[in-house]
Structure formats: C-alpha cells, structure tokens
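Here are the chains, one letter per residue:
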Amino acid sequence: MRAAITGGAGFLGSHLCELLLEKGWEVLCLDNLVTGSDSNIAHLLPHAKFRFARQDVSRYIEVPGPLDAVLHFASPASPPDYLKYPIQTLKVGALGTHNSLGLAMAKNARYLLASTSECYGDPQVSPQPESYWGHVNPVGPRGVYDESKRYAEAMTMAYHRYHGLDTHIVRIFNTYGPRMRLNDGRALPNFLYQALVGEPITVYGDGKQTRSFCYVSDLLAGIYKLLESNEHEPTNIGNPQEITILEFAERVRKLVGATTPIVFHPLPQDDPKQRCPDITKAKRILNWEPKVSLEEGLQRTYEYFREKLAQSTQAK
Ligand code: UDP
C-alpha cells in the first residue's frame, strides 16, 4: 500500500506519516514547508518506505508510480498562521484540494480530506453534530480558513458523487501534542511556552470561551479508522471534554509549576465562544472514542516542549 500525504511535514501530517509507516504503508510526504518543518520528519528520512518531496500542492501535483490513498493535510491551521498567509490558505483549501482529488482520481486511490471544526464557525448549537451547517462569517479574518475548508468539503463530495471517488472527510477539532511549533500561536503552545520561560500567560477575552482538546494519537487512530471505513459524509473526530480557556491556562500553569501571572488580551475577531464535538457518529460507525486524558496528554506535550526549548537555548 502506498500513500501520498500532503502537508506531511506538519504537526498532524508528520504523525500521520509515522502511523502509516508503522502499519506497513509506503509513504510519500509532500510539503512546501511554509508552516511545516523538515525537523518533524528528519527521523523518518532513513526509513526505506518513506520519501519526502518539497512541493506546493496548490500547483499541479506530479507523483510517479501507483497510489492507494491520498490524504490532504496541507494547510496553515493556527489562526495566526492563516492570518499571516491568507491567500495561501485559500489556495491550498481550494486549488490544493482540487489537485489532490485529481491525483486520487488519476491513481484510482482512496481520498481523505482533513477538514475542521471551523466549518461550524462560532456555533449556536453545542455540542456540534455533523448535521449542523454552521455559523461562519465568510469575510472576517478567519473566513480564509473556514471558507476554504467548506469549499474543500463541497469539492470532495462532488468528486464522490460525480466521479464515484472513494472519499472521506474528517472534521478535526482542537488537537494537541508533540511537534506543535513553539511559536505556533495557538493556545496550548503559547501557554506552555510562556509558563516555561516565565512570561505572563496571555488569555484572550475573559477566558470563558470553551474548547475541547484531543490528544494527537487519539485523533490519528480515529482518522485511520475513517480512511478504512465506507463513510463518505463528514465525520467529527475530537475529544468532547470541554474546558474554558481560563481553566486551561490555569491547568498548564500548574503543570509547569509556573508563578507567572495570567494576563487578559483582547479577544480576536470572530473567535468562537464554544466548541465541543458531538462524536456520537464516530462512536457508532467507527467504534472510536478518545482514550488519552487531558492530564496525560498535557504531561507528554509538556515534556516535548521542555526538551525543544532546551535544544533551542543550547543552539543559541
Ligand atoms: N487563546 C488565548 N491565548 C492565546 C492563544 C489563544 O486565550 O495565547 C484563545 C483563543 O482566543 C481561542 C482559544 O484560546 O479562544 C483557542 O485558540 P487556538 O488559537 O488554540 O485555536 P482555535 O480553537 O481558536 O482555532
């Protein structure tokens, strides 16, 4: 079995490369390294079944040889990243999805789209089931990500319905774990970094907004099951344990044993007030549910960040 993974040098992409290699697949990792990093895949390069090609998948994708699966994970995914690269974000969601679908068609391969809970926008229903159509501001700053992923879902369903392509769509909720960038800008990397270096912990707004954090290995286990399933409609994968951002900041501060204060910064525009996956469908059709507790996942991520930080201080 041979898979192409776009965005394979990113946080989720690199874990996915690793998982498929473990399962005996041959893996071709495609990434233009805009937000991904070669350090995420350096340990995979010696593997006989792993190959990396630096490619921008918003342009025509050329892959020699057969493929059994195409998994489209390329996209900036942290709010500061997609604000920094708004056009690339729209392009990789639109053109990158079209090109990767075309690649799957040409190779007669299965296809999996990494979509997002951002499709639900600032939801007025909680928890969010797949049947909820969402509440998205298409022209706000987050619109570049939300709308590109909504378009990507529509394009994927069109390839399934019109061309009969074997497609799958995962709606990924907040995920965390090793290989998130220290400067990624999302809540957990910011809080961990700040607590570790003794800077004030920045909570945006009053911190009463909620998120539900899923540990990366749980997410990947669900995604692999979805890839092997006969399900074509979007499927939520995430951890339904909901927590306020203020509580989350306090958990991280306690874990690190930091004494730095929590400071409040303005809430970014269109920041969702609540987010929690309804995973009834994934439980039913995939027999999947998350296993790693927030305590355990945070501990593992903390150890990774501590080591990364030590390496980067040594390098200076
Ligand atoms: N957030 C925060 N401080 C930070 C970074 C993020 O309070 O330093 C908040 C952000 O406003 C949002 C939540 O944490 O309400 C999760 O943000 P993140 O960027 O991780 O991802 P999102 O779920 O918004 O896509």
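Here, every reference points to the structure presented above.
Computed from a predicted model, the values in this text were never measured in an experiment. (Residues numbered from 1 in each chain as written. Predicted model: local features only at pLDDT ≥ 70, side-chain atom pairs only at ≥ 80, totals over all residues. Heavy atoms only, no water.)

**Student:** Can you tell me about the packing of aromatic side chains, naming the residues and giving the values?
**Tutor:** The full count for this structure, using the stated rule, is eight aromatic pairs. Each ring, one from tyrosine 120 and one from phenylalanine 173, has its centre 6.1 Å from the other, and the planes form 35°; the classification is tilted. Remark: phenylalanine 173 occurs in the loop between β6 (167-172) and β7 (175-176) and tyrosine 120 occurs in the loop between β5 (110-116) and α4 (143-163); sequence separation between them is 53 residues. A relative accessible area of 1% places tyrosine 120 in the buried class. Relative to phenylalanine 305, the ring of tyrosine 304 has its centre 5.9 Å away and its plane inclined at 75°; by these criteria the two rings are edge-to-face. Exposure class is identical for tyrosine 304 and phenylalanine 305. Each is buried. The rings of Tyr176, Phe191, Phe213, Tyr215 and Phe248 are connected pair by pair, giving a single aromatic cluster. Note that arginine 306 overlies the ring of tyrosine 302, its terminal NZ or CZ placed 4.8 Å from the centroid. (Phe/Tyr/Trp six-rings, centres within 6.5 Å; stacked < 30°, edge-to-face > 60°. Helix = DSSP H or I, 4+ residues; strand = E, 2+ residues; numbered from the N terminus. Buried < 20%, exposed > 50% of the residue type's maximum accessible area, 1.4 Å probe, protein only. Lys NZ or Arg CZ within 6 Å of the ring centre and 35° of its normal.)

**Student:** Summarise empty space enclosed by the protein; cite the residues concerned and give the values.
**Tutor:** Think of a ball as big as a water molecule: rolled over the atoms, this probe shows where empty space is left. This model, assessed by the stated rule, comprises one cavity of 30 Å³ or more. The calculated volume of the largest cavity comes to roughly 30 Å³. Along the walls of the largest cavity sit Phe213, Asn239, Gln241, Ile243 and Leu294, which together make up its complete lining. (1 Å grid on protein atoms, 1.4 Å probe; cavity = no way out; pocket = protein on both sides within 12 Å on 5 of 7 lines; lining within 4 Å. Points joined across faces, edges and corners; volume = space filled by probe spheres on them.)

**Student:** Give a description of the sheet that holds strand β4 (residues 69-72) that names residues and reports values.
**Tutor:** Within the open sheet, the seven strands sit side by side as β3-β2-β1-β4-β5-β6-β11. Their pairing is parallel. Only two strands of the sheet have a single neighbouring strand rather than two, namely β3 (50-54) and β11 (235-237). Strand-to-strand twist in this sheet, taken as the mean axis angle between neighbours without regard to direction, amounts to 20°. Here strand β1 (residues 2-6) runs beside strand β2 (residues 26-31); their pairing, made up of five bridges, is parallel. Within β2, the residue paired with alanine 4 across the bridge is leucine 28. Seen against the sheet, α4 touches β5 and β6 and runs at an angle of roughly 155° to β5. Seen against the sheet, helix α6 (residues 216-228) touches β4, β5, β6 and β11 and runs at an angle of roughly 160° to β6. (Pairing = 2+ DSSP bridges. Axes fitted to C-alpha atoms, helices over the stretch in contact; angles between N-to-C directions. Contact = heavy atoms within 4.5 Å.)

**Student:** Help me get a handle on the pattern of salt bridges, residues and values and all.
**Tutor:** Where charged atoms from two side chains of opposite charge come close, those side chains can pair. Inspection of the entire model under this criterion finds 15 salt bridges. Among the ionic pairs, aspartate 271 bridges to arginine 211, the shortest N-O distance being 3.0 Å. Here aspartate 271, found in the loop between β13 (262-265) and α8 (280-286), pairs with arginine 211, found in strand β9 (residues 210-212); they are 60 residues apart in sequence, far enough to count as distant. Each of the two residues, aspartate 271 as well as arginine 211, counts as buried. One salt-bridge network, held together by shared partners, links Glu118, Arg142, Arg211, Asp271 and Arg275. (Salt bridge = Lys/Arg side-chain N within 4 Å of Asp/Glu carboxyl O.)

**Student:** How would you sum up the layout of surface pockets? Please name residues and give values.
**Tutor:** Roughly 260 Å³ of internal volume is contained in the second largest pocket. Glu130, Trp133, Glu153, Arg171 and Pro234 are, among the 15 residues lining the second largest pocket, the residues nearest its centre. Mapped by element, the contributors of at least two residues to the lining of the second largest pocket are α4 and β6. Its residues assigned to classes, the lining of the second largest pocket shows eight nonpolar, one polar and six charged. (Nonpolar A, V, L, I, M, F, W, Y, C, P; charged D, E, K, R; others polar.)

**Student:** Which residues make up the site of the ligand, and what values do they have?
**Tutor:** Inspection of the region around the ligand gives 18 residues, with Thr202, Tyr204, Arg211, Asp271 and Arg275 positioned closest. Within the side chain of arginine 142, a nitrogen or oxygen atom sits 3.0 Å from an oxygen atom of the ligand. Between the ligand and the protein, one listed contact pairs an oxygen atom with a side-chain N or O atom of asparagine 174 at 2.8 Å. In isolation the ligand offers 510 Å² of accessible surface; the protein chains occlude 96% of this area. (Near = heavy atom within 4 Å. Polar contact = N/O pair within 3.5 Å; in protein donor to acceptor, adjacent residues only side chain to side chain. Areas by Shrake-Rupley, 256 points an atom, 1.4 Å probe, with all protein chains shown as cover.)

**Student:** Any details on helix α5 (residues 187-197)? Residues and values, ideally.
**Tutor:** Turning to α5, its buried residues are Leu188, Pro189, Asn190, Phe191, Leu192, Gln194 and Ala195. Considering only its buried residues, α5 is in contact with β7, β8 (201-204), α7 (245-256) and α9 (294-315). Glycine 198, located one to two residues past α5, shows a positive phi value of around 80°.

**Student:** How would you summarise helix α1 (residues 11-22) if you had to cite specific residues and measurements?
**Tutor:** The terminal C-alpha atoms of α1, which comprises 12 residues, lie 17 Å apart, in line with the 16 Å expected from a rise of 1.5 Å per residue. The buried count for α1 comes to 10 of 12 residues, which makes it a mostly enclosed element. What α1 keeps buried is the set Phe11, Leu12, Gly13, Ser14, His15, Leu16, Cys17, Leu19, Leu20 and Leu21. Glycine 24 occupies a position one or two residues after α1 and carries a positive phi of about 95°. (Expected span 1.5 Å × (residues − 1).)

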